[in-house]
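# Secondary and tertiary structure notes
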Protein chains: 2
Amino acid sequence: MHSSAGLPLAARAADLVGSVIDSSTSLLASQTHDIVRFAMGAPAPEAIPTEVLAEIGAETIGAGAHAAFDYAATEGDPGLRAALVEELAGTSDETTLERLTITSGGMQGLDLACKLFVDPGDLVVVESPTYTNGSATALSYQADLLEVPVDDDGLQVDVLEDLVRRAGRTPKVVYAIPTFQNPSGASMSLERRRRLLDLARSWGSMVIDDDPYGMLRFEGEPLPTLHELAAGDPLVFSVRTFSKIVAPGLRVGWVDTAPELQPLLINAKQAMDTCTNHPLQRLLARFLEDGHLGAHLDTQRAEYGRRKRAMQQALEAHFAGRARWTDPQGGFFLWVTFDPAVDTEALFPIALAEGVAIIPGNAFSPSKRFPDALRICFATSSPERIAEGVARLARAVDRLAARTSGRS
Amino acid sequence: MHSSAGLPLAARAADLVGSVIDSSTSLLASQTHDIVRFAMGAPAPEAIPTEVLAEIGAETIGAGAHAAFDYAATEGDPGLRAALVEELAGTSDETTLERLTITSGGMQGLDLACKLFVDPGDLVVVESPTYTNGSATALSYQADLLEVPVDDDGLQVDVLEDLVRRAGRTPKVVYAIPTFQNPSGASMSLERRRRLLDLARSWGSMVIDDDPYGMLRFEGEPLPTLHELAAGDPLVFSVRTFSKIVAPGLRVGWVDTAPELQPLLINAKQAMDTCTNHPLQRLLARFLEDGHLGAHLDTQRAEYGRRKRAMQQALEAHFAGRARWTDPQGGFFLWVTFDPAVDTEALFPIALAEGVAIIPGNAFSPSKRFPDALRICFATSSPERIAEGVARLARAVDRLAARTSGRS
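Remember, it's a predicted structure, so these values are computed and weren't measured experimentally.

The next thing to look at is the packing of aromatic side chains. Both the distance between ring centres and the angle between the ring planes are used here to describe each pair of aromatic rings. Residues and elements named next belong to chain B. Tallied over the entire structure, the rule returns 20 aromatic pairs over all chains. Summarising the aromatic geometry, the rings of Phe 319 and Phe 338 are spaced 5.7 Å apart at their centres and angled 75° between planes, so their arrangement reads as edge-to-face. Within this pair, whereas Phe 319 is found in helix α11 (residues 292-319), its partner Phe 338 is found in strand β11 (residues 333-338), the two being separated by 19 residues in sequence. With respect to burial, Phe 319 and Phe 338 carry one shared label: buried.

Here the focus is the interface of chain B and chain A. Across the contact, 88 residues belong to chain B and 89 residues belong to chain A. Carbon and sulfur atoms supply 62% of the area that chain B and chain A bury against each other, a total of about 6,900 Å² over both sides. Contact with chain A buries area across many residues of chain B, yet Phe69(B), Tyr71(B) and Lys115(B) alone supply 11% of it, more than any other trio. At the surface where chain B touches chain A, the tally comes to 35 residue pairs in polar contact (both at pLDDT 80 or more). Broken down by secondary-structure element, the contributors of at least two residues to the side of chain B that touches chain A are α1 (20-29), α2 (50-60), α4 (105-117), α5 (132-140), α9 (262-273) and α10 (278-289) of chain B. Looking at the side of chain B that touches chain A residue by residue, the class counts come to 44 nonpolar, 29 polar and 15 charged.

Another aspect to go through is the sheet that holds β11(B). For sheets, the rule is that strands pair by backbone hydrogen bonds, running either parallel or antiparallel. Across the sheet, 4 strands lie side by side as β10-β11-β14-β13 (chain B); this open sheet has antiparallel pairing. If you trace the sheet from one side to the other, it starts and ends with β10 (323-325) and β13 (359-360) of chain B, each paired once.

The next subject is the relation of the copies chain B and chain A. Relative to chain A, chain B is turned by 180° and slid 0.0 Å along the rotation axis, the superposed coordinates differing by an RMSD of 0.0 Å. Between the two chains, the operation in question is that of a two-fold axis. In this assembly, 100% of the residues forming the interface of chain B have copies in chain A that are likewise at the interface, indicating an isologous arrangement.

Residues and elements named next belong to chain A. Residue position: Asp 290 is located in the loop between α10 (278-289) and α11 (292-319). Accessibility expressed as a relative area gives 40% for Asp 290, which makes it partly exposed. Counting along the chain gives 182 residues from Asp 290 to Gln 108, while the straight-line C-alpha distance between them is 27 Å.

Following both chains from N to C, one finds helix α9 (residues 262-273) of chain A and α4(B) inclined at 95°, their axes separated by 5 Å at the closest point. Overall, the two elements α9(A) and α4(B) adopt an arrangement that is roughly perpendicular. The segment α9(A) lies against α4(B), with Gln270(A), Ala271(A), Met272(A) and Asp273(A) engaging Met107(B), Gln108(B) and Asp111(B). Of the residues assigned to the contact of α9(A) with α4(B), the class counts are 3 nonpolar, 2 polar and 2 charged.

Turning to the confidence of the model for chain A, a few remarks are in order. Looking at chain A as a whole, the pLDDT averages 94, with 97% of positions reaching at least 70. Interface confidence for the predicted complex, expressed as ipTM, amounts to 0.95; the pTM equals 0.96.

Here we come to α4(B). Compared with an ideal rise of 1.5 Å per residue, which puts 13 residues at 18 Å, α4(B) spans 19 Å between its outermost C-alpha atoms and is within 8% of the ideal. When you tally the buried positions in α4(B), you get 13 out of 13 residues, the bulk of the element.

Now for the sheet that holds strand β8 (residues 236-241) of chain A. Residues and elements named next belong to chain A. The 8 strands are arranged β2-β9-β8-β7-β6-β3-β4-β5 in an open sheet whose pairing can be described as mixed. Of all the strands in the sheet, the pair left with one neighbour each is β2 (100-103) and β5 (154-155). As defined by bridge partners, strand β7 (residues 206-210) adjoins β8 across 4 bridges and the pair is classed as parallel. Counted as the bridge partner of Asp 209 is Ser 238 from β8. Contacts from helix α6 (residues 157-167) reach β3 (123-128), β4 (144-151) and β5, with the element oriented near 155° to β4. Contacts from α9 reach β2, β8 and β9 (253-256) within the one sheet, and its direction differs from that of β2 by about 15°.

Phe242(A) and Phe242(B) are the most contacted members of the largest nonpolar core, which has 137 residues in total. With near-sequence residues (within four places) excluded, Phe242(A) lies in contact with Leu80(A), Leu84(A), Ala247(A), Val252(A), Gly253(A), Trp254(A), Leu284(A) and Leu288(A).

The side chains of a regular strand alternate between the sheet's two faces. Residues and elements named next belong to chain B. Among the 5 residues in strand β7 (residues 206-210), 5 count as buried, and that is most of the element. In β7, alternate side chains face the same way, and those of Met 206, Ile 208 and Asp 210 on one face and Val 207 and Asp 209 on the other are all buried. The pairing of strand β6 (residues 173-176) with β7 spans 4 bridges and is parallel. The partner of Val 174 across the bridge, within β7, is Val 207. In terms of handedness, the path from β6 via helix α7 (residues 190-203) over to β7 forms a crossover that is right-handed.

Further remarks concern the side chain of Arg240(B). Here Arg240(B) is to be found in strand β8 (residues 236-241). Beyond its immediate stretch of four places on either side in the chain, Arg240(B) contacts Asp93(B), Gly106(B), Asp209(B), Asp210(B), Asp211(B), Thr225(B), His227(B), Gly253(B) and Trp254(B).

We now examine unusual backbone geometry. The general pattern is negative phi for most residues beyond glycine and trans for most peptide bonds. That bond from Ser128(A) to Pro129(A) is cis: its omega, 5°, falls within 30 degrees of zero. Structurally, Pro129(A) can be placed in the loop between β3 and α5 (132-140). With omega at 10°, the peptide bond leading from Asp339(B) into Pro340(B) counts as cis. With respect to the helices and strands, Pro340(B) occurs in the loop between β11 and α12 (344-354). Even without being glycine, Thr274(A) reaches a positive phi, approximately 65°. Take Thr274(A): it is sitting in the loop between α9 and α10. In this structure Thr274(A) comes out as buried when scored by relative accessible area, which is 4%. Although it is not a glycine, Ala231(B) sits at a positive phi angle of roughly 50°. By the secondary structure assignment, Ala231(B) is in the loop between α8 (226-230) and β8.

Reading the values: the criteria
- Residues numbered from 1 in each chain as written.
- Chains lettered and ligands numbered in written order.
- Predicted model: local features only at pLDDT ≥ 70, side-chain atom pairs only at ≥ 80, totals over all residues.
- Heavy atoms only, no water.
- Phe/Tyr/Trp six-rings, centres within 6.5 Å; stacked < 30°, edge-to-face > 60°.
- Helix = DSSP H or I, 4+ residues; strand = E, 2+ residues; numbered from the N terminus.
- Buried < 20%, exposed > 50% of the residue type's maximum accessible area, 1.4 Å probe, protein only.
- Contact = heavy atoms within 4.5 Å.
- Buried area = accessible area lost by both parts, 1.4 Å probe.
- Polar contact = N/O pair within 3.5 Å; in protein donor to acceptor, adjacent residues only side chain to side chain.
- Nonpolar A, V, L, I, M, F, W, Y, C, P; charged D, E, K, R; others polar.
- Pairing = 2+ DSSP bridges.
- Least-squares fit on C-alpha atoms with pLDDT ≥ 70 in both.
- Axes fitted to C-alpha atoms, helices over the stretch in contact; angles between N-to-C directions.
- Parallel < 35°, antiparallel > 145°, perpendicular 65-115°, else oblique.
- pLDDT = per-residue confidence, 0-100.
- Expected span 1.5 Å × (residues − 1).
- Core = buried A, V, L, I, M, F, W, Y, C linked by side-chain atoms within 4.5 Å.
- Right-handed = clockwise from strand over helix to strand, strands pointing away.

If you want it as structure tokens, here you go:
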């Protein structure tokens, strides 16, 4: 047997970086002790409307539903596309059929955006911290990444402008998660959203507007999406998904783009997976047509608000004075920064042994800028489990500190 | 609104070619008159085991099945991977867990192979004719394609050797569909299979062994797959799918590769779609565990054999002396070549108006070498409908001939 070094790998193979988040899925599945799951950005198991999906499934993909098992159109099942256009009418994500293409999760939206716009060596701006798989996708297209810091008002657009000036070249793509950002939970202010679009226009850069959590606001006033603010400017490429609002395992999302991009998206997607799975598109179409989404989101928002507050209370009880954390108004994540510094990569296995799963901060930065931070997801666990999980985390931090001082 | 010409497209956007096959899905869906469907390579609607799938679905992805709606492991649902390893034990596709990665249809297997092995400008060998989306995927990675002719014994390996010598450089990848080839229906002889592997070893080329139809043999003696003949040589990258043997809408396939490639495949797939849809992986796992596949394939093979013979009889009745066609021993397709020549691209809309859908030969050649050929799928229609469809095709050919002579 040759080693893979003997195989004729493409140059980009060296840029295919692993994801701590996804490898955690397999790692967690192999654990046999009780673990509080703060790691994955997944809805609570009880938040997935399996009863409704089972009832609809029996009708839409049951006996005799041969068409649902055939290939779907590459741009998506017509019923799902029509239902989505209707569902989004009047919202900040309003769209039309010719702007809407169904994708295999939001992740494929990012893959398509890079396929269409990123040549090797192109400059791609990412937030710092950013979504691991988002930066990994840009890297898989051999992009040069420019990390721009995020604060409580989201991407620091003034720093972006300065860094681009210093780079001496303009970005091909700016990849932003403007609302309840993954992993920080921060939302970009309205002023920064407008300024980002102005800069992108002046540079001729595409803006990937990745907004998986925007419908999950439980506090504060809604902000217009970059999609809405762009008012049809083709430079904004919006990526959306059912993963966080219905269920991630469905692998169904959509992109909203300039209509002239749709033929290219179809060609690109045909060469990726032909079409998105058809039965679960039908299931989602019926879920929307029957009006389930609105009520489902109302329930989820209230519950996620409760859980965020439970997480903050538990952090306050265990970490007041030795860590800071963000205060998101929606979404799934809190970002915790330790002060004095805690090596969160060293913390990870200790926390897992204590029975709590987190993601170390460095997973969210290609240049590993966050060794003393971590992401915790408050969406997956009940308030009681959250309290227990944070208590376990505190024990893990204490164990790490004891080990570190014992070594010094 | 800018036109897409004003957008900062990547160089590869110019190489994203459309697929006549996939656009036919949308075109056919919009037709209101009766059409016999010889175009798509899809199983017969009645061949899809919807009753069994519905029964299993009610148990595996029904109420309370929260885990099935969560993210799956990127390499695939453990239950499905284990069931596949067991199902394939002792067959020509025998595999192990560390060689097996679940993909979103066979198409994603091709995308992954190109992601790992094709740099822009690399030479990629494709059969001529070949599967449209296979060559399109290589083009989307900016490969230089080398078309090598196929005859009744499949890829002409001696011509391949000669063309590579004349090209003055060795291929990075050879993309082959060795069994019941799409679109010709031909199978590569054992001698050619062995010779192809020898050549690939001597060149250090990867061989993509795309074999979606191999389990659908209804005549003749089985041939070992390239995977089996390679006996673990890491140069063979095998792509398989449930699309033709169970249902294409599921979008579940698998690749069998050298174990050392699996970590790279996982990284690459994470940046494509995170994981393959989870509920339908569970459905297929149960379908295999309950032993449904064997009986299902037995039924399908017998039926597809009947349909191929019905297709050949109808062609004999209408086209004897003015066309030739292949004699596949399995799979879905016949390849018809007209003599004297018939412009099958001009024939396409006339045939559609007459009520029969076919795919013109040029769709299967990047350099459009088959203007007088067409692909017909015998799998989708009953013998009666096949007779009707071929009669309609004969009328369309006559109408085209009348129009052509009227113009001359």
